[in-house]
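Structural description and commentary
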Amino acid sequence: MGRLQFLIISILSISTIFMADLVAAQLKTNFYAQACPNVESIVRNVVNQKFQQTSIAAPAVLRLFFHDCFVEGCDASVIIASTPGNTAEKDHPDNLSLAGDGFDTVIKAKAAVDAIPSCKNKVSCADILAIATRDVIQLAGGPRYAVELGRLDGFTSKASNVEGKLPEPTFNLDQLNTMFASHGLNQADMIALSVIQ
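Residues numbered from 1 in each chain as written. Predicted model: local features only at pLDDT ≥ 70, side-chain atom pairs only at ≥ 80, totals over all residues. Heavy atoms only, no water.

**A short note on the packing of helix H3 (residues 57-72) against helix H5 (residues 125-139)**
For the record, the criterion: Axis geometry follows a simple rule: fit a line to the C-alpha atoms, using only the stretch in contact for helices, then measure angles between N-to-C directions, giving values from 0 to 180 degrees. A helix here means a DSSP run of H or I that spans at least four residues, while a strand means a run of E at least two residues long, and both kinds are numbered starting from the N terminus. The cut-offs work like this: below 35 degrees is roughly parallel, past 145 is roughly antiparallel, 65 to 115 is roughly perpendicular, and the gaps in between are oblique. Helix crossings are classified by the rotation of the near helix relative to the far one: an anticlockwise turn of less than a right angle makes the crossing left-handed, while a clockwise turn makes it right-handed. By definition in these notes, contact holds between two residues if any of their heavy atoms fall within 4.5 Å. Classification used: nonpolar for Ala, Val, Leu, Ile, Met, Phe, Trp, Tyr, Cys and Pro, charged for Asp, Glu, Lys and Arg, polar for all others including Gly.
As a packed pair, H3 and H5 sit with axes 9 Å apart at the nearest point and diverge in direction by 140°. Considering their axes alone, H3 and H5 lie oblique with respect to each other. Handedness of the H3/H5 crossing: left-handed. Packed against H3, whose contacting residues are Ala57, Ala58, Val61, Leu62, Leu64, Phe65 and Asp68, the element H5 presents Leu129, Ala130, Ala132, Thr133, Val136 and Ile137 at the interface. Taken together, the residues of the contact of H3 with H5 sort by class into 11 nonpolar, one polar and one charged.

Here it is as structure tokens:
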């Protein structure tokens, strides 16, 4: 199995695990059928443009999704900016190396979605990040898969919430296996996801 295939399978695995945590949210593939029926094509167009500008968009979006989901669940809280009196997740030392192209892709996709009057403020950034992740996987040579939608955006983002929730460069194999196992992931998933770190 090639490195890319291994990575893609693991990303699909992590996506499935994080989706299982959200079953209570009643996620479904046609969540925006009435409110914003073209959301996936709008996001896909932005992702395609960004990917053509720089191929770093693929690992940047994948890594952003990973960091978001591992800390607070897939709620896009990693995208929230710090404010006076609050240091947000994105400004925690473990997140400072996240590539700006990942954030830029999601921000531009959200702006494109909100530019459609019927879609404005109806699609969560969390869903846009999940769609963008699926789209970069496909652009990188992976499969296209259905994304269940209906995630709610997190409105709280604290750097202190990141502490101890992401793998550290000093972790040994047992520590890494334990952390990934706590999210329902095995050692093969951990190795594949570490490639994008």
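**Let's talk about the packing of aromatic side chains**
The description of an aromatic ring pair rests on the distance of the ring centres and on the angle between the ring planes. Note the cut-off: Each aromatic pair joins two rings of Phe, Tyr and Trp (for Trp, the six-membered one) with centres within 6.5 Å, and gets the label stacked for planes under 30 degrees apart, edge-to-face for over 60, and tilted for any other angle. Burial classes: relative accessible area under 20% of the type maximum marks a residue as buried, over 50% as exposed, and values in between as partly exposed (1.4 Å probe, protein chains only). Either the NZ atom of lysine or the CZ atom of arginine qualifies as a charge over a ring when it sits within 6 Å of the ring centre and within 35 degrees of the ring normal.
Overall, the coordinates contain four aromatic pairs when judged by the stated rule. Arranged with centres 4.5 Å apart and planes meeting at 35°, the rings of Phe66 and Phe70 form a pair that is tilted. Highlighted residues: Phe66 and Phe70, both in helix H3, separated by four residues, approximately one helical turn. Comparing Phe66 with Phe70 shows no difference in burial state: the two are buried. Considering the side-chain rings of Phe66 and Phe180, the 6.1 Å spacing of their centres and the 20° angle between planes classify their relative orientation as stacked. One end of the pair, Phe66, is in helix H3; the other, Phe180, is in helix H6 (residues 173-181), with 114 residues separating them in the sequence. Of the residues examined, Phe66 reaches a relative accessible area of 2% and is grouped as buried. Cation over ring: Lys90 sits above Phe103, and NZ or CZ is 4.6 Å from the ring centre.

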